[in-house]
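Breakdown of the fold
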Amino acid sequence: MNKIKRTFGRLMQRVIDWGMGNGLMQEEMTASGNDKVTKEMSRIARQAAAESCVLLKNDGALPFRKKDKIAVFGRCQLDWFYVGYGSGGDVNPPYRVNLMEGLENAGVSFDEETAEAYKTWVNTDSNKADHGWWGHWPMSHPEMPLKDDFVKKAAEKNDAAVVVIGRAAGEDRENTLAPGSYYLTKEEKQMLELVSGAFKKTVVLLNIGSIFDMSWAEEYKDKISSILIVWQGGMESGNAAADVLTGKVNPSGRLSDTIAKTYEDYPSSKNFGGEQFNNYYEDIFVGYRWFETFKKDRVLYPFGFGLSYTTFTRKPVSFEKGDGVYTVKVEVTNTGKAAGKETVMAFVSAPQGELGKAAKVLASYAKTESLQPGEKEVLTLSFTDKVIASYDDTGRSGNKNAFVLEKGAYQVFVSDALAGEFTLSETKLVEQTESALNVVDPFERMHAYEDDGKIAFNEETVQKGTVSLKDRIIERLPKEIPVTGDMGKKLRDVAVGKITLDEFIAQLSDEELEALTRGEGAMGSDLGVAGNAGAFGGVLESLREKGVPPIITCDGPSGLRFQEFASLLPSGTALACTFDDQLVEELYTHIGKEMIKHEVDIVLSPGLNIHRNPLCGRNFEYFSEDPLLAGKMAAAVIRGVQSQGKSCCPKHFACNNQETKRNNNDSRVSERALREIYLRAFEIAVKEARPNTIMTSYNKINSVWSHYNYDLVTTVLRKEWGFDGVVITDWWMQKDVSQEFPSIRDNAYRVRAQVDVLMPGNMGHIQRKYTSDGTLLETIDKEGGITRAELQRTAKTVLTFILNTRKNDFA
């Protein structure tokens, strides 16, 4: 078996080498010489990667001066991690720039003897990087052993050292609490020890997809001059890193996650990785919400932290409280000697009240333009009641199943400065909702309360829900459109106003209605660009004859995943660290243009799940531990793509917070935590950017798979948030029988939940040609079965999407 795995791994390595642009492809194509992506895309991708870099420490070693000569250690200087592995990163760029190429492009003088030693070592057959295969991606590459005399020789002829440490990330596997993954290896520690001991200036460069253990920063505190996280910056990684190292770009990135002293300090550490379920015991206390409230002393680098080559002052100049809207104006002044950008964040501290709350929550953020020394800019930060409201799932505030602002004093902070305050004499109802996604299996959760003027900690039980979902569904079943049979009407007739959409749908057969609820069958549809993720819509010849075009999907979010060349972008975590919505929107405008070029309708992006735990293998695709930042970043991605007439598909809705047993794992989470944390980012993206599609997750939420979850998709997404687009499954789904309606199962169960389209169409991975499982039509209009009206409702949603996004087809 191991021999088979090794053989399969080598085969997949050759595929990845071709698909990711290794070997000859990389040597032959450069940023300046490629004609597969635009110069403007290369420029904006480089800017985004550079502005994502987070400077954690600097005693003056950075930026490098022109006369500085440096020696670079660590194999990732060549075997760079440009992005994570899996569907979210497997893009085929026309070129990639590693660190050494970037330094050379920037004219940096580096030690050629050291560089040649690494080049020779990594190209030796026994040392070549092994990229693994699906779900068995590497977490790092074995480091080149160093000898003391080799390092000392380099130190004698160079001014500074750069130590590169890399970590991979990947779909369908987690990071692990082991050396080479979350922790440094023995060889990496030896490299740090030897290099920092021999050089007066040692700069550590972290080429990582998500945060990992940083306790070594304390261990080598006095020996390391600078620490710079450059993340996984896509095809322009090396150029971007060089821009920051040389001071061409002043680092302005800020951490989108908290870096704790130890893994055990994270509140989810004891409730992550379960194969059957995870109790979200930490509840709303995710990331900085936990540390700021209960464990400030267990933080190494806080959320929002990041240094600059210059200094800034942030002076609150005004605070205004309107009707549910709050505005803070902050004057930012560059008080240093270099030009740079600064991010300003506004946090709100609310009274503990009856519900208990985090000590502070992010309410708004903004970023300056590049300010010259002495230059000022006034930033305006605004937020609404909803942003700072708490969700009451107990009724203790007097408003059960509602967002409320409890009575008491509220304070607004910019950095540590008080920017404004207000007091509510009575609890304010912000938004009333329905109870949804009820807990089935009670569990304990963290809770905060005020004790003698201080925030104290206790636990409380999340009780089982009492909503009758069956009654809710029956009350809201749609009415059937009377069937007319084929009347020869075309979808274009609807587009030009000759007939209504209902009249078009009335002529569809059950077979055609069924086809509109699923994809063509497999990935790589012949109806679109080679290597696409699949097609839906006009997947039958009879539908195409009626004028229904096929809709082509493509994986994301770090670019378009197909066989053609496409731009490889910085990871989601990197982009979030820019805190620059406008920059991200501009970047994804160019992805929209690439979609036009390749005739792709939907990019499966952005990834929107919360960084609940640092071990999640797919964190690199996602943005942050904070739902506001994640939601705003996602909205920027969506606006960018959809400005070009193409569509985004935010994913994975919802609570896809681990890769372990992701197809069967149950995320057991209170309605409060869902509303304030895990659904919040999606809500922001839906309401602010109006994505045309959305993708459900693989996992269960409170015992119900997302692709069958009526409350998730219909009660919350459609009814409360007003989403009117197409909901698709993640690729393939699990079989199950409806608990409320035992006569329906699988695809009928899915359609009843208003999960419109099964992608890529077949239930299993193996079949190439579509094979119906029969579960959608077997009970149609039978007692207790699916109704034709529900199929027509799905058809209407899918066809409305097509009419809105493929208008040129009907001109």
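Note that the structure is a prediction, hence the values are computed from the model and not measured.

A separate point is the confidence of the model for the chain. The pLDDT averaged across the chain works out to 94; a share of 96% of its residues lies at or above 70. The low-confidence segment residues 1-29, where pLDDT is below 50, has 46 contacts with residues more than four positions distant or belonging to other chains.

Right, let's get into the side chain of His-141. When you line up the elements, His-141 lands in the loop between helix 5 (112-122) and helix 6 (148-156). His-141 sits in the buried class, given a relative accessible area of 6%. Apart from the residues lying within four places of it in its own chain, the contact partners of His-141 are Arg-75, Asp-79, Phe-81, Tyr-85, Ala-129, Asp-130 and His-131.

Looking now at empty space enclosed by the protein. For the structure shown, the criterion picks out 8 cavities of 30 Å³ or more. In this model, the largest cavity occupies a volume close to 250 Å³. Along the walls of the largest cavity sit 22 residues, with Arg-289, Val-361, Val-387, Ala-389 and Glu-676 positioned nearest its centre. When contributions to the lining of the largest cavity are tallied by element, the ones reaching two or more residues are strand 13 (361-367), helix 11 (385-388), helix 19 (627-642), helix 20 (671-678) and helix 21 (680-689). At 4 residues, the largest contribution of residues to the lining of the largest cavity is made by helix 20. Residue classes in the lining of the largest cavity are distributed as 14 nonpolar, 1 polar and 7 charged. By volume, the second largest cavity amounts to about 130 Å³. Lining the second largest cavity are 16 residues, with Tyr-266, His-611, Arg-612, Pro-614 and Glu-625 positioned closest to its centre. Taken together, the residues of the lining of the second largest cavity break down into 5 nonpolar, 7 polar and 4 charged.

The next point concerns the nonpolar core. Counting 220 residues, the largest nonpolar core has Phe-73, Met-214 and Trp-216 as the members making the most contacts within it. Here this core takes 10 residues from helix 19, the largest share from any one element. If you look at the next biggest cluster of nonpolar residues, it comprises 26 residues, including Ala-363, Leu-371, Tyr-391 and Leu-424.

The subject of this paragraph is the sheet that holds strand 13. Here 4 strands make up an open sheet; going across it, the order is 13-12-17-18 and the pairing antiparallel. Among the strands making up the open sheet, the edge pair consists of strand 13 and strand 18 (417-424). Put simply, the sheet's adjacent strands are angled 20 degrees from each other on average, direction ignored. For strand 12 (residues 343-349) and strand 13, the ladder comprises 6 bridges, and the chain directions are antiparallel.

The next thing to look at is the pairing of strand 11 (residues 325-334). Across the 10 residues that make up strand 11, a large majority, 7, are buried. Between strand 10 (residues 312-321) and strand 11, which pair antiparallel in sequence order, lie 3 residues; one of them, Gly-324, sits at a positive phi of approximately 80 degrees. Looking at chain direction, strand 11 and strand 14 (residues 376-384) are connected through 9 bridges and run antiparallel. What sits directly across from Val-328, in strand 14, is Leu-381.

Attention shifts here to the layout of surface pockets. The calculated volume of the second largest pocket comes to roughly 740 Å³. Forming the walls of the second largest pocket are 25 residues, and the residues nearest its centre are Phe-303, Gly-304, Lys-360, Ser-415 and Asp-416. Looking at the lining of the second largest pocket, the elements that each hand over two or more residues are helix 10 (288-294), strand 10 and strand 12. The element contributing the most residues to the lining of the second largest pocket is strand 12, with 5 residues. A breakdown of the residues in the lining of the second largest pocket according to their chemical character gives 11 nonpolar, 7 polar and 7 charged.

Taking 1.5 Å per residue as the helical rise, helix 18 (residues 581-598) with its 18 residues ought to reach 26 Å, and the 26 Å between its terminal C-alpha atoms agrees with that figure. Burial in helix 18 covers these residues: Leu-583, Val-584, Leu-587, Tyr-588, Thr-589, His-590, Ile-591, Gly-592, Glu-594, Met-595 and His-598. Elements in contact with the buried residues of helix 18: helix 3 (39-52), helix 17 (572-576), strand 24 (602-604), helix 19 and strand 25 (647-648). Sitting at the head of helix 18, Asp-580 places a side-chain oxygen 3.3 Å from the backbone nitrogen of Gln-582. Phi turns positive, to about 55 degrees, at Glu-599, one or two residues after helix 18.

Once that is clear, we can look at the environment of Trp-721. Position of Trp-721 relative to the elements: it lies in the loop between helix 22 (710-720) and strand 30 (726-728). Taking the C-alpha atoms as reference points, Trp-721 and Ile-684, 37 residues apart in sequence, are found 9.4 Å from one another.

If you walk through the whole model with that rule in mind, you get 65 salt bridges. For Arg-788, the salt bridge is made with Asp-781, and the minimal N-O distance between the two is 2.6 Å. Its relative accessible area of 41% is what places Asp-781 among the partly exposed residues. Residues joined in a network through salt bridges with shared partners are Glu-171, Asp-172, Arg-618, Glu-621, Glu-659 and Arg-662.

The subject of this paragraph is the packing of aromatic side chains. Overall, the coordinates contain 30 aromatic pairs when judged by the stated rule. Judged by centre distance (6.5 Å) and plane angle (10 degrees), the ring pair of Phe-319 and Tyr-326 falls under stacked. An angle of 70 degrees between the planes, with centres 5.0 Å apart, marks the rings of Tyr-391 and Phe-403 as edge-to-face. Here Phe-403 lies in strand 16 (residues 402-405) and Tyr-391 lies in strand 15 (residues 390-392), a separation of 12 residues in the sequence. Pair check on accessibility: Tyr-391 and Phe-403 agree, each one buried.

Put simply, helix 18 and helix 19 touch, their axes get as near as 6 Å, and they point 35 degrees apart. Crossing of helix 18 against helix 19: the hand is right-handed. Residues Asp-581, Val-584, Glu-585, Tyr-588, Thr-589, Ile-591, Gly-592 and Met-595 of helix 18 pack against Lys-632, Met-633, Ala-636, Val-637, Arg-639, Gly-640 and Val-641 of helix 19.

Further remarks concern helix 3. Over its 14 residues, helix 3 runs 20 Å from end to end, which matches the ideal 20 Å to within 8%, given 1.5 Å per residue. Among the residues making up helix 3, those that are buried are Met-41, Ser-42, Ile-44, Ala-45, Ala-48, Ala-49, Ala-50, Glu-51 and Ser-52. Tucked into the core, helix 3 has its buried residues touching strand 1 (54-58), helix 9 (237-245), strand 13, helix 17 and helix 18.

Here the focus is the packing of helix 6 against helix 7 (residues 186-198). In the contact formed by helix 6 and helix 7, the axes pass within 9 Å of each other and the chain directions differ by 35 degrees. Helix-helix and strand crossings are classified by hand; for helix 6 and helix 7 the assignment is right-handed. Within the contact between the two elements, helix 6 uses Asp-148, Val-151, Lys-152 and Ala-155 and helix 7 uses Leu-194, Val-195 and Ala-198.

Another aspect to go through is unusual backbone geometry. A cis amide bond links Lys-651 with the next residue in sequence, His-652, at an omega value of -5 degrees. A cis amide bond, omega -5 degrees, links Met-759 with the succeeding residue Pro-760. The residue Pro-760 is located in the loop between helix 23 (746-752) and helix 24 (788-805) in this model. Despite not being glycine, Trp-231 has its phi angle at roughly 55 degrees, a positive value. Tracing the sequence through the fold places Trp-231 in the loop between strand 6 (226-229) and helix 9. Backbone geometry at Ser-703 places phi at a positive 80 degrees, although glycine is not the residue there. Residue placement: Ser-703 occurs in the loop between strand 28 (700-701) and strand 29 (704-705).

Criteria and thresholds
Residues numbered from 1 in each chain as written. Predicted model: local features only at pLDDT ≥ 70, side-chain atom pairs only at ≥ 80, totals over all residues. Heavy atoms only, no water. pLDDT = per-residue confidence, 0-100. Contact = heavy atoms within 4.5 Å. Helix = DSSP H or I, 4+ residues; strand = E, 2+ residues; numbered from the N terminus. Buried < 20%, exposed > 50% of the residue type's maximum accessible area, 1.4 Å probe, protein only. 1 Å grid on protein atoms, 1.4 Å probe; cavity = no way out; pocket = protein on both sides within 12 Å on 5 of 7 lines; lining within 4 Å. Points joined across faces, edges and corners; volume = space filled by probe spheres on them. Nonpolar A, V, L, I, M, F, W, Y, C, P; charged D, E, K, R; others polar. Core = buried A, V, L, I, M, F, W, Y, C linked by side-chain atoms within 4.5 Å. Pairing = 2+ DSSP bridges. Axes fitted to C-alpha atoms, helices over the stretch in contact; angles between N-to-C directions. Expected span 1.5 Å × (residues − 1). Polar contact = N/O pair within 3.5 Å; in protein donor to acceptor, adjacent residues only side chain to side chain. Salt bridge = Lys/Arg side-chain N within 4 Å of Asp/Glu carboxyl O. Phe/Tyr/Trp six-rings, centres within 6.5 Å; stacked < 30°, edge-to-face > 60°. Left-handed = near helix turned anticlockwise from the far one by under 90°.

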